[in-house]
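What follows is each chain in one-letter form.
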Amino acid sequence: MGSITKEEFITMFKKRLNQKYAMDISDACNSELYGTLCSLVKSSYSAIWRQTWKDFVKEHDKQSYYFSIEYLPGKLLKSNLLNMGWYDLVKTAFQEMGLDLNEIAAVEPDMALGNGGLGRLASDFMDSLASEGYPVNGNGIRYHYGLFKQKFVNGYQVELPDEWLNTDGGNAWEIRRASKSVLVRIGGHVHLVQEKGYLKPVYEAATLIQAVPYDVGMVGYHNNHVNTLRLWSAEIPESEESKYPTIEDRRQVEDITAVLYPDDSNESGRLLRLKQEYFFVSAGIQSIIRHYKKYGSPIDQISQEVAIHINDTHPAMCVAEFMRILLDEEHLSWSTAWTQTVKVMSYTNHTIMSEALETWAVPMLNEIQPRILQIIAEIDHRFVTSLAGKVDGGLIERTRIISGGKVHMAHLAIIGSHSTNGVAKLHTDLLKSDVLHDFYTLYPDRFNNKTNGIAVRRWLQIANPRLAKVIDQTIGNDWRQDASQLLKLTDHTTDNSLLDQLSEAKLANKRDLAQFIKQKTGIIVSPNAIFDVQIKRLHAYKRQLLNLLRIIKLYLDLKQNPDLEIIPRVFIFGAKAAPSYHYAKSIIKCINETANLINHDSTIQAKIKVIFLENYGVSLAEKIIPAADVSEQISTASKEASGTSNMKLMLNGALTVATLDGANVEIKQYVGDDNIFIFGLNKQEVYQYYHDHNYHSLDYYQNNPIIHRVVDALVDGTIPNVSAEGHEIYDSLTYLNDEFFVLRDLEDYLRIQDKVDETYRDQRKWNKMSLINIANASYFSADETVKRYAEDIWHVKQLSEKGDMNVKYPL
Ligand code: NBG
């Protein structure tokens with residue numbers, strides 16, 4: 001913090017508290033103390049924020065804009081303090097004032113802008129991009145209620161609105177910039193009239209929505225660099241107010257930015273989703289082009305100064321909206337506009353699950369934005385014409401954008417951009433060989449891999465201070481700047497005193513989590529048990545069910561033989577199911593009922609406990625991950641694009657139980673076969689089953705008595721209160737042929753878990769494996785991942801170096 005002393009900070013803090021709330025430390029509550037600290041932090045970085053922006057402009061440096069429907073920044077206070085170099089000073093200053101920074105930081109609500117790995121990756125990238133000094137800004141939606149707040153009622157998931165903006169903390173970091181608003185046109189009709197040299201669109205009966213940006217500073221680590229995350233909110237333009245006389249009318253507009261992923265199981269939900277996607281795409285692109293033009297650069301060379309990233313398929317309309325502005329407003333020719341668009345755009349695919357490769361019915365897109373449909377139809381037409389006679393007709397049909405009455409958004413993103421990447425080696429290979437193989441044959445040079453990464457600052461420095469301290473004492477603190485330094489830990493694998501310290505840090509973290517679990521659920525768990533963690537979205541392919549079946553097996557074994565020798569385990573789950581995903585919600589119910597049964601059965605002597613923590617999100621992850629011993633990464637091989645909780649958990653010393661899926665494959669390569677527990681079918685075997693159509697789950701159920709007994713427990717009353725859900729799952733595993741090979745992999749999963757038990761008995765060995773995992777997690781630093789995006793895809797330059805310790809964030 002420059003040259004400021006603790007005493008000066010305390011004086012400044014008290015002064016600001018008084019100015020802002022007319023209060024002293026003695027009468028302020030935590031949210032006032034939080035508000036004061038945020039205000040000091042924000043006013044301190046704002047000069048640098050402005051300077052960063054001015055530097056981009058001055059140099060005419062190329063900037064990149066990351067469009068994502070999800071972000072999950074979690075809480076920003078500690079991360080901003082850390083990145084500004086204020087953390088230690090503020091912590092001790094607070095202690096001196098008799099205050100606890102942790103309690104005050106807890107006031108901040110998690111920003112409800114995302115769902116899972118997609119959103120957290122976007123936020124880890126925002127942190128790393130600022131920390132590496134890249135001119136890259138985020139573009140997203142300011143959801144008023146986010147996804148939902150999850151509660152369990154009688155074991156069922158109940159979804160409540162997440163009123164994060166209406167909490168004490170509110171969103172202290174955002175700045176509303178009404179002057180930068182833009183108008184987004186939705187609905188109505190359009191026809192084209194010939195003007196001098198171009199076709200002019202004439203709109204009728206369209207609705208205008210005001211898109212108001214709220215900017216949040218993304219503060220880099222020790223480098224005087226602050227990027228912007230711009231979040232758009234939908235409002236009624238002043239000129240249109242009279243058209244919305246009732247609250248109901250107004251709500252139609254406000255609803256555009258109310259929730260993330262409106263329920264798409266019905267028509268009106270789908271329309272809202274599409275409207276939402278167009279809204280944030282159009283607002284973002286209009287503001288980018290407006291900004292670009294302000295400084296006089298020629299529009300037909302915009303690709304030299306602007307890159308736009310389509311993060312997963314939701315913002316694919318970027319391609320058509322960019323074309324629309326270049327054609328209709330800038331009057332470029334089609335071919336110039338198209339060349340620029342393809343150079344500007346790039347696309348990341350984040351899943352091979354078909355539900356995420358969005359398609360929209362043609363009439364629906366026509367209803368939401370008829371001009372965008374016209375442009376997409378023209379892109380499609382030109383694509384088809386350019387290939388006709390050159391490649392096989394079937395290939396054209398399979399890759400064109402509009403077919404079967406639907407607009408295929410991933411096709412638009414691939415055809416309209418110069419780069420398509422997957423998020424782990426296996427995933428990219430699968431895109432090339434299978435899911436997007438047709439496109440790969442057309443554009444082999446466009447495909448590339450960028451394995452995901454995580455922000456080591458948040459997931460180790462902030463989330464796990466105990467481990468961070470042990471690492472400092474062993475290899476010094478350079479790793480805090482440069483995560484690759486963590487590899488030095490591999491020189492210390494025989495240092496027994498270090499291994500003991502690792503295990504003490506873990507135990508202390510487990511005690512904290514046990515305390516938290518008791519407070520949240522009333523259930524007492526022993527910190528000496530193995531903490532076995534599966535935290536991720538609830539989805540059939542992620543196979544929380546496989547984990548559940550193993551728990552049931554253990555329970556039945558313990559009932560039969562209460563003296564069975566096992567190392568006590570606490571199974572910890574965190575997961576939300578999409579509100580309309582019935583099957584996933586049934587799995588939640590079954591886990592909760594099994595937990596209830598086991599946790600209250602004294603005959604098993606607490607050898608196992610099952611804890612499903614409500615409302616999984618970033619802040620909860622920060623509590624669970626440092627305390628985990630075992631990381632469950634057990635998806636059906638080929639289905640998990642990458643995973644990132646696997647990386648965060650290994651970084652915190654958990655050992656991974658994994659299928660050869662997503663980034664698990666790379667984790668295994670780095671840590672070596674002896675330091676990970678691999679089981680189950682691999683991708684080739686899964687595909688062989690698809691090819692030969694010879695998987696019969698019923699055979700496994702009928703022929704394997706262990707499997708039979710465990711699966712029956714779902715329907716024979718062993719697990720109470722799950723008659724409907726238990727049958728639904730039972731049927732999926734047996735008569736419906738077990739789409740995700742749960743029964744096929746169960747036996748091998750049981751075997752590998754026995755090996756986990758056996759290994760844990762040798763604590764030295766376990767801790768050594770844990771150390772090797774921490775060290776090798778350095779390969780997954782998001783700081784490195786974003787460099788690859790910046791260099792290979794966006795071609796943007798680093799404007800400032802990380803680690804400039806002369807940063808001066810003035811008070
Ligand atoms: C998720 C994948 C994960 C991957 C993250 C980030 C979506 C749609 N996809 O495997 O399931 O780690 O994206 O790339 O959330």
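Look above for the structure.
These remarks concern the structure in this document. (Residues numbered from 1 in each chain as written. Predicted model: local features only at pLDDT ≥ 70, side-chain atom pairs only at ≥ 80, totals over all residues. Heavy atoms only, no water.)

Now for the overall build of the chain. Scanning the chain for helices and strands turns up 31 helices and 23 strands. For the chain, the proportion of its 811 residues judged to be buried stands at 61%. Relative to all contacts within the chain whose residues are 6 or more apart in sequence, the contacts with residues 24 or more apart total 77%. Surface exposure of the chain reaches about 30,600 Å², of which carbon and sulfur atoms provide 48%. Positive and negative side-chain charges of the chain, numbering 87 and 102 respectively, have mean locations separated by a distance of 4 Å. (Helix = DSSP H or I, 4+ residues; strand = E, 2+ residues; numbered from the N terminus. Buried < 20%, exposed > 50% of the residue type's maximum accessible area, 1.4 Å probe, protein only. Contact = heavy atoms within 4.5 Å. Areas by Shrake-Rupley, 256 points an atom, 1.4 Å probe, with all protein chains shown as cover. Lys, Arg positive; Asp, Glu negative; His and termini not counted. Charge placed at Lys NZ, Arg CZ, Asp CG, Glu CD.)

Further remarks concern helix 25 (residues 683-692). Residues Lys 683, Val 686 and Tyr 689 constitute the buried set of helix 25. Across the axial projection of helix 25, the buried residues extend over an arc of 125 degrees, all falling on one side. Set apart from the buried face of helix 25 by more than 90 degrees, the exposed residues are Gln 684 and His 691. Taken together, the buried residues of helix 25 touch helix 15 (425-435), helix 26 (697-703) and helix 29 (742-761). A distance of 3.1 Å separates the backbone nitrogen of Gln 684 from a side-chain oxygen at the start of helix 25, and that oxygen is part of Asn 682. The first or second residue beyond helix 25 is His 693, which carries a positive phi of 50 degrees. (Arc of directions from axis to C-beta. Polar contact = N/O pair within 3.5 Å; in protein donor to acceptor, adjacent residues only side chain to side chain.)

Attention shifts here to the pattern of salt bridges. Here the structure, examined in full by the defined rule, presents 44 salt bridges. Two residues, Lys 787 and Glu 132, come together in a salt bridge whose shortest N-O distance is 3.9 Å. Highlighted residues: Lys 787 in helix 31 (residues 782-794) and Glu 132 in the loop between helix 6 (117-131) and strand 2 (136-141), separated in sequence by 655 residues. Looking at Glu 132, the relative accessible area reads 4%, which means it is buried. Linked through salt bridges whose partners overlap, the residues forming this network are Asp 532, Arg 569, Asp 757 and Arg 761. (Salt bridge = Lys/Arg side-chain N within 4 Å of Asp/Glu carboxyl O.)

A few words now on the nonpolar core. Within the largest apolar cluster, 149 residues are counted, with the highest numbers of intra-cluster contacts made by Phe 9, Leu 37, Phe 94, Trp 173, Ile 308 and Trp 794. With eleven residues, helix 8 (residues 267-294) is the single largest residue contributor to this core. Not counting the four nearest positions on each side in its chain, Phe 94 is found in contact with Phe 9, Phe 13, Leu 37, Leu 99, Leu 101 and Ile 104. Among the nonpolar cores identified, the runner-up in size contains 68 residues, and Phe 573, Tyr 583, Leu 681 and Phe 741 belong to it. (Core = buried A, V, L, I, M, F, W, Y, C linked by side-chain atoms within 4.5 Å.)

Strand order in the open sheet made by the three strands is 13-15-14, with antiparallel pairing throughout. Each edge of the sheet is formed by a strand with only one pairing partner; in this case those strands are strand 13 (359-361) and strand 14 (402-403). Two elements, strand 13 and strand 15 (residues 406-408), share three bridges in a ladder whose sense is antiparallel. Its bridge partner being in strand 15, Ala 361 is matched across the sheet by Lys 406. (Pairing = 2+ DSSP bridges.)

What follows concerns the site of the ligand. For the ligand, the set of nearby residues contains 15 residues, the closest of which are His 350, Asn 452, Arg 537, Glu 640 and Gly 643. A distance of 3.2 Å separates an oxygen atom of the ligand from a polar side-chain atom of Tyr 541. In this structure, Ala 641 approaches the ligand through a main-chain N or O atom, which is 3.4 Å from an oxygen atom. Across the complex, the protein chains shield 94% of the 380 Å² of accessible surface that the ligand would expose by itself. (Near = heavy atom within 4 Å.)

Packing of helix 1 (residues 6-21) against helix 4 (residues 87-96) brings their axes to within 10 Å, and their N-to-C directions diverge by 70 degrees. The angle between helix 1 and helix 4 places the two elements in the roughly perpendicular class. At the point where helix 1 passes helix 4, the crossing takes the right-handed sense. Note on element contacts: helix 4 touches helix 1 through Leu 89, Val 90, Thr 92, Ala 93, Phe 94 and Glu 96, opposite Lys 6, Glu 7, Phe 9, Ile 10 and Phe 13. The residue makeup of the contact of helix 1 with helix 4, split by class, is seven nonpolar, one polar and three charged. (Axes fitted to C-alpha atoms, helices over the stretch in contact; angles between N-to-C directions. Parallel < 35°, antiparallel > 145°, perpendicular 65-115°, else oblique. Left-handed = near helix turned anticlockwise from the far one by under 90°. Nonpolar A, V, L, I, M, F, W, Y, C, P; charged D, E, K, R; others polar.)

On to unusual backbone geometry. Look at His 222: it is not a glycine, yet its phi comes out positive at around 50 degrees. The topology assignment puts His 222 in the loop between strand 9 (207-219) and strand 10 (226-235). On the basis of relative accessibility, which here comes to 9%, the residue His 222 falls in the buried class. The residue Asn 721 is not glycine, and still its phi comes out positive at about 65 degrees.

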